[in-house]
Amino acid sequence: TFPYICLLVLLVRGVTLPGAGLGLRTLFTPQFDRLADPRVWIDAATQIFFSLGLGLGVSVAFASFMPYKNNITRDAMVVGGINSMTSVLAGICIYSILGFRSHSTDVSIDDVGYGTGLTFVAITEAVSRMSASSFFSF
């Protein structure tokens, strides 16, 4: 529950920053020409296996505590759905902050940040600009 509370706080903070709309437009505007790039598909598969692997690993561990007739297919679908919605929520948080960074530095949103460390840079930026930022430093 606590990670979702943190995501919701970051969501509220991110979408209230100036320039957040630019980041959200970038997130939700498809670039169909990039679908031909195999690197995009490799990065997408890596992200899915990384995030979904954590959730399904827990399902295997919990399976020993479930009744024999438990519906494991339903449980796997629920884990996949929750994982997908969490990824969309986190994407909205990150891209709203990227839009703010692009707005405040007058740099294109494509050049503001990229790579695997992007989330950590964006979250640090948002938390440091909060009025109660010391609360999240524990």
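A short tour of the structure in this document, coming up. These numbers were taken from a predicted model, which means no experiment stands behind them. (Residues numbered from 1 in each chain as written. Predicted model: local features only at pLDDT ≥ 70, side-chain atom pairs only at ≥ 80, totals over all residues. Heavy atoms only, no water.)

## Observations regarding the overall build of the protein chain
Then, in step 1: Per the secondary structure count, the protein chain includes 6 helices and 0 strands.
Then, in step 2: Helices and strands in the protein chain line up, N terminus first, as α-α-α-α-α-α.
Then, in step 3: Split into buried and exposed, the 138 residues of the protein chain put 24% on the buried side.
Then, in step 4: Restricting the contact set of the protein chain to residue pairs at least 6 apart, pairs at least 24 apart contribute 78%.
Then, in step 5: When the accessible surface of the protein chain is split by element, carbon and sulfur atoms take 69% of a total near 9700 Å². (Helix = DSSP H or I, 4+ residues; strand = E, 2+ residues; numbered from the N terminus. Buried < 20%, exposed > 50% of the residue type's maximum accessible area, 1.4 Å probe, protein only. Contact = heavy atoms within 4.5 Å. Areas by Shrake-Rupley, 256 points an atom, 1.4 Å probe, with all protein chains shown as cover.)

## Here we look at the environment of Leu-98
Then, in step 1: Topologically, Leu-98 is positioned in helix α4 (residues 72-105).
Then, in step 2: The class of Leu-98 is buried, set by a relative accessible area of 2%.
Then, in step 3: Considered as a pair, Leu-98 and Ala-20 are 78 residues apart in the sequence and their alpha carbons are 7.3 Å apart.
Then, in step 4: Setting aside residues up to four positions removed in sequence, Leu-98 forms contacts with Ile-109, Val-112 and Leu-118.

## Digging into the packing of helix α2 (residues 20-28) against α4
Then, in step 1: In contact at an axis separation of 6 Å, α2 and α4 are set at 130° when each is read in the N-to-C sense. Classed by the angle they form, the pair α2 and α4 counts as oblique. Judged by the twist between their axes, the crossing of α2 over α4 is right-handed. Packed against α2, whose contacting residues are Ala-20, Leu-22, Gly-23, Leu-24, Thr-26, Leu-27 and Phe-28, the element α4 presents Gly-91, Ile-92, Tyr-95, Ser-96, Gly-99, Phe-100 and Ser-102 at the interface.
Then, in step 2: A class-by-class count of the residues in the contact of α2 with α4 yields 8 nonpolar, 6 polar and no charged. (Axes fitted to C-alpha atoms, helices over the stretch in contact; angles between N-to-C directions. Parallel < 35°, antiparallel > 145°, perpendicular 65-115°, else oblique. Left-handed = near helix turned anticlockwise from the far one by under 90°. Nonpolar A, V, L, I, M, F, W, Y, C, P; charged D, E, K, R; others polar.)

## Notes on the nonpolar core
Then, in step 1: In terms of nonpolar packing, the biggest core is built from 16 residues, with Leu-10, Leu-11, Cys-93, Ile-94 and Leu-98 touching the most fellow members.
Then, in step 2: Broken down by secondary-structure element, the contributors of at least two residues to this core are α1 (2-15), α4, α5 (109-112) and α6 (118-128). (Core = buried A, V, L, I, M, F, W, Y, C linked by side-chain atoms within 4.5 Å.)

## With respect to the pattern of salt bridges
Then, in step 1: Tallied over the entire structure, the rule returns 2 salt bridges.
Then, in step 2: Salt-bridge contacts for Arg-39 lead to Asp-43; the nearest nitrogen and oxygen are separated by 3.0 Å. Here Arg-39 and its partner Asp-43 are both found in helix α3 (residues 38-63), 4 residues apart, which amounts to about one turn of the helix.
Then, in step 3: Overall, Asp-43 belongs to the partly exposed group, its relative accessible area being 40%.
Then, in step 4: With its nearest N and O atoms 3.1 Å apart, the salt bridge here joins Asp-75 to Arg-74. (Salt bridge = Lys/Arg side-chain N within 4 Å of Asp/Glu carboxyl O.)

## Points about the packing of α1 against α4
How two helices sit against one another is set out by the angle between their axes and by the gap between those axes.
Then, in step 1: With their axes 8 Å apart at the nearest point, α1 and α4 run at an angle of 35° to one another. Note on packing geometry: the crossing formed by α1 with α4 is left-handed. Packed against α1, whose contacting residues are Tyr-4, Leu-7, Leu-8, Leu-10, Leu-11, Gly-14 and Val-15, the element α4 presents Ile-82, Thr-86, Leu-89, Ala-90, Ile-92, Cys-93, Ser-96 and Ile-97 at the interface.
Then, in step 2: By residue class, the composition of the contact of α1 with α4 is 12 nonpolar, 3 polar and no charged.

Worth remembering: the numbers are spatial, not functional.
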